[in-house]
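Chain by chain, the residues:
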Amino acid sequence: MSRTALRICPLCEATCGLTLSIEGTRVTGARGDREDVFSKGFICPKGACFGAVDGDPDRLCTPLVRVDGRLREASWQEAFDAVAAGLRPVVERYGADSVGVVLGNPNVHTVAGALYPQVLLAALRTRSLFTASTVDQMPKHVSSGLLFGDANAIPVPDLDHTGHLLLIGANPLESNGSLCTAPDFPGRLKALRARGGRLIVVDPRRTRTAKLADRHLAIRPGTDALLLAAMVTVLFEEGLTDLGHLAPHVRDVDELREAVRDFTPEAVAGACDVDADVIRTLARELAAAPTAAVYARIGSCTVPHGTLASWLVDVLNILTGNLDRPGGALFPQAATDRTPRPAGPGHGFALGRWRSRVRHLPEAKGELPLSALAEEIDTPTDEGEPVRALIAVAANPVLSAPDGDRLDRALDSLDFMVSVDPYLNETSRHAHVVLPPPPPSQSPHHDFAFNTLAVRNQVRYSRAAVPLEPGRMAESEILARLILAATGMHGTDPGAVDAMVIDRTLGKAVRDENSPVHGRAPEELAARLTGDTGPERRLDMMLRLGPYGDGFGARPDGLTLAELLAHPHGIDLGPLRPRLPQPLKTRSGKVELLPGPIAADLPRLRQALGERPEGLVLVGRRHLRSNNSWMHNVPALTGGSNRCTLHIHPEDAARLGVRDGADVRVKGAGGEVVAPAEVTDGVRPGVVSLPHGWGHDRPGTRLSHAASGPGVNVNQLLDGSMLDPLSGNAVLNGIPVQLTASL
Ligand SMILES: Nc1nc2c(c(=O)[nH]1)N[C@H]1C(S)=C(S)[C@@H](COP(=O)(O)OP(=O)(O)OC[C@H]3O[C@@H](n4cnc5c(=O)[nH]c(N)nc54)[C@H](O)[C@@H]3O)O[C@H]1N2
Ligand SMILES: Nc1nc2c(c(=O)[nH]1)N[C@H]1C(S)=C(S)[C@@H](COP(=O)(O)OP(=O)(O)OC[C@H]3O[C@@H](n4cnc5c(=O)[nH]c(N)nc54)[C@H](O)[C@@H]3O)O[C@H]1N2
Ligand code: SF4
Ligand SMILES: [Mo]
């Protein structure tokens, strides 16, 4: 029997609503849901292949447990017994920090990933946390933490209303956007231009996004912080700052002016390879635009000055009065956000509350750099225990983090490792137990993370489109059981985890004077929760306590899970609105424009003024039809331009004797790889580009299609030593490489 079901797409940050065609229990087609309040029918090729991604025959159907060195299929009972037996002795003998937790990107794309890892970390009390954030957006968190007092307060460009968008190191025409959730990002950029707005793109490659732009600047990689600092000095020099409505909420403007004074356009032009006049024009145009937003992503974060660049992005938004105003960059307000507290001083944001054992790298946002994972396992020191056991949830660091070969060996040396992953891949092949979540069609969906980054406030929820197949376990139950097994409560009913969270959250809410449920009895509130499962009851609770919620009856028209279920295409909550000063949690209660750690990092940027390395540098790229390391196994999404080739400019190719299609040996600090050259003027001279997430040629994996066209692991060129010091983020772009035409 065929039918349709609605499902929000989990394959990228755009969160499009899909209408799935389903035959029996199989997804046979996907199209855009035209009635979706946010995506309005938009779909991309990945979403259209939802059925193939979902039904990939290489997805694991049962847990795997290592017996006599080999992974074999096992029951869930055997698998969790093995987890408890593997983890507990390590915790008991060596302490909680000897258990590492690695959280990968898909955790922000699942309900389970949003609801359980924090509980696991709190229960385990390990400080050995490593996530994909430190190969991605940690600089933005640190900059927001320092500026606004809240690492998760990330301003989002008001794409649909802005008159001027300066877009740096992002390629939303391939990535569909990041830290800016916008279904049909390409359409929204075209609409910006159609209404007379301007689009400026800064990227060493002439990307599809750059081709849409009014102006494209092919900057030298890694130098955006210099360019942005110079724009700030121009605003000050030429009297173009205008804080407008922000003035009462911002401090340290004069200190900032002094601190960046010497980063003039003339001083940075050589390093950036952008003319001083052009930099002046950029600043003037930004200041003159009726509304404008500066927005920057991967290319600005995964570089040596990632935190400074992220900070300068918002400094420009602030100095031009564009922060927190329509058409500028605003703070979204998601339906599951905590009850907004009244404006006023907060606790501020601290960095380096503890340090990594081997390199003494500071934590940021409770995390250690993913680049330090291998050494935290393989290097003994006098100070504490190495990581001896690992819990990996939706993570493939062997491909996504620097120096996969070293990590490969380190993972092999662990006393115990468990992976929660649908695939037996480059990382999970090292596990002693693999716990496979069901495919997305069998999982519910709500975007806890991306709704806090969306260009429009809205809320949507999809129940599982297909019932769980026999033998499958929901990922929420897998993670709840994992928490129990890891913390000595193996065998307890997994519902206890949700019950405990609900109990604690409601207990806190009734004690909070600002909560709509202040003074009520937690048991009475808990009894009112609806939902078929623990995660649904938790969602109901969060919605009802949230900024649009019914406050458990206090605001009868407010949101509840029942209300959301009655609106399967979602509920629109309106455009982004100004919210300051409420989101500020700095100690001063103001935007702190020149935070201490930033000021202390400026001399390092000043040093970069004089640096202009001679050789080639490498940058990454993304392809529309792939997603990090895990989507190369779907035949419908591979081939065409989605290939692991080395882009090289014709001038460099000619100089080095590299022919189009011929193999090139690329050498970096961490190793070398050989990839076919693609000679193209889509990259600027002096820059070559390889995509990441490839290198599917390791033995012991079960990725049959990916293995047939494995590509190479670009991160093998890195040795993990290059970091943005404030955030611990890996430097993945602008890395020095040497090429030789391979024979
Ligand atoms: N050189 C270079 N390296 C990079 C980047 C770059 O631009 N250049 N980008 C970086 C960025 S931005 C990121 S986010 C990281 C990503 O790094 P990772 O998070 O490590 O990698 P992913 O490939 O996103 O997926 C991780 C794992 O999740 C599994 N998975 C997929 N769906 C599910 C699910 O529903 N549940 C569970 N439990 N698991 C699932 C996949 O099988 C895969 O093993 O890579 C980083 N690495
Ligand atoms: N199709 C697809 N979509 C994805 C993903 C995917 O793998 N495939 N991954 C998802 C994830 S996890 C993320 S984090 C987002 C990322 O989303 P985006 O940030 O939009 O990702 P990229 O396409 O890597 O764009 C980064 C751009 O920065 C440029 N760049 C490199 N170095 C520099 C530099 O020093 N300065 C400047 N100005 N630019 C530089 C690169 O050439 C590249 O075009 O995409 C998400 N969406
Ligand atoms: S843009 Fe992203 S969310 Fe939308 S259909 Fe494509 S992969 Fe899915
Ligand atoms: Mo990412």
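Think of each chain on its own: its residues are numbered from 1, step by step along the sequence as written. All chains are assigned letters beginning with A, and all ligands numbers beginning with 1, in the order in which they are written. It should be noted that, the model being predicted, local features are given only for residues of pLDDT at least 70 and side-chain atom pairs only at 80 or more, the latter also being counted only at that level, while totals for whole chains, interfaces and linings use all residues. Only hydrogens and water are set aside; all other atoms, that is, all heavy atoms of the structure, feed into the side-chain values.

If you look the protein chain up in an unreviewed UniProt entry, it shows as Molybdopterin-dependent oxidoreductase from Streptomyces broussonetiae.

All right, on to the overall build of the protein chain then. Runs of H or I in DSSP of at least four residues are treated as helices and runs of E of at least two as strands, each being numbered from the N terminus. A count of helices and strands for the protein chain gives 26 helices and 28 strands. Values of the radius of gyration come from C-alpha atoms, whereas the globule rule sets the reference at 2.2 Å times the count of residues to the power 0.38. Against the 2.2 N^0.38 benchmark of 27 Å for 743 residues, the protein chain shows a C-alpha radius of gyration of 25 Å, consistent with a compact globule. Relative accessibility under 20% of the residue-type maximum defines a buried residue, over 50% an exposed one, and the middle range a partly exposed one, all with a 1.4 Å probe and only protein chains included. Looking at the protein chain as a whole, 61% of its 743 residues qualify as buried. All accessible-area figures derive from a Shrake-Rupley calculation using a 1.4 Å probe, and residue coverage is judged against the displayed protein chains alone. Carbon and sulfur atoms make up 51% of the accessible area of the protein chain, which totals about 26,700 Å².

Moving on: the packing of aromatic side chains. The aromatic pairing rule takes the rings of Phe, Tyr and Trp, using the six-membered ring of Trp, and pairs them if the centres are within 6.5 Å, calling planes under 30 degrees apart stacked, those over 60 edge-to-face and the rest tilted. Summed over all chains, the structure comprises three aromatic pairs. Between the aromatic rings of Phe-148 and Phe-331, the centroid separation amounts to 5.2 Å while the plane-to-plane angle is 90°, which identifies the pairing as edge-to-face. With Phe-148 in helix 6 (residues 138-148) and Phe-331 in the loop between strand 14 (329-330) and helix 16 (373-378), this pair connects stretches of sequence that are 183 residues apart. Side by side, Phe-148 and Phe-331 carry an identical accessibility label, which is buried.

This next bit is on the pairing of strand 6 (residues 99-103). The buried fraction of strand 6 amounts to five of the five residues, a majority that puts the element mostly inside the structure. Side chains Val-99, Val-101 and Leu-103 of strand 6 all project onto a buried face; the interleaved residues Gly-100 and Val-102 project onto the opposite face, where all are buried too. The pairing of strand 6 with strand 15 (residues 389-393) spans five bridges and is classified as parallel. Each bridged residue has a counterpart across the sheet, and for Gly-100 the counterpart in strand 15 is Leu-390. Note on pairing: two strands pair once DSSP finds at least 2 bridges between them. In this sheet, strand 7 (residues 129-131) lies alongside strand 6 in parallel orientation, the contact comprising three bridges. Looking at the pairing, Val-102 lines up with Phe-130 of strand 7.

In this section: the packing of helix 5 (residues 117-124) against helix 19 (residues 475-486). The relative placement of two packed helices comes down to the angle between their axes together with the axis-to-axis distance. In contact at an axis separation of 10 Å, helix 5 and helix 19 are set at 5° when each is read in the N-to-C sense. The angle between helix 5 and helix 19 places the two elements in the roughly parallel class. Contacts between helix 5 and helix 19 involve Pro-117, Val-119, Leu-120, Ala-123 and Leu-124 from the former and Leu-479, Ile-483 and Ala-486 from the latter. For the contact of helix 5 with helix 19, the per-class residue count stands at eight nonpolar, no polar and no charged. An axis is simply a line fitted to the C-alpha atoms; with a helix, the fit covers only the stretch in contact. Between two such axes, the angle follows the N-to-C directions and lies from 0 to 180 degrees. For this classification, under 35 degrees means roughly parallel, over 145 means roughly antiparallel, 65 to 115 means roughly perpendicular, and everything else is oblique. In this description, contact between two residues means that some pair of their heavy atoms is separated by no more than 4.5 Å. Three categories are distinguished: nonpolar for Ala, Val, Leu, Ile, Met, Phe, Trp, Tyr, Cys and Pro, charged for Asp, Glu, Lys and Arg, and polar for the others, with Gly belonging to the last.

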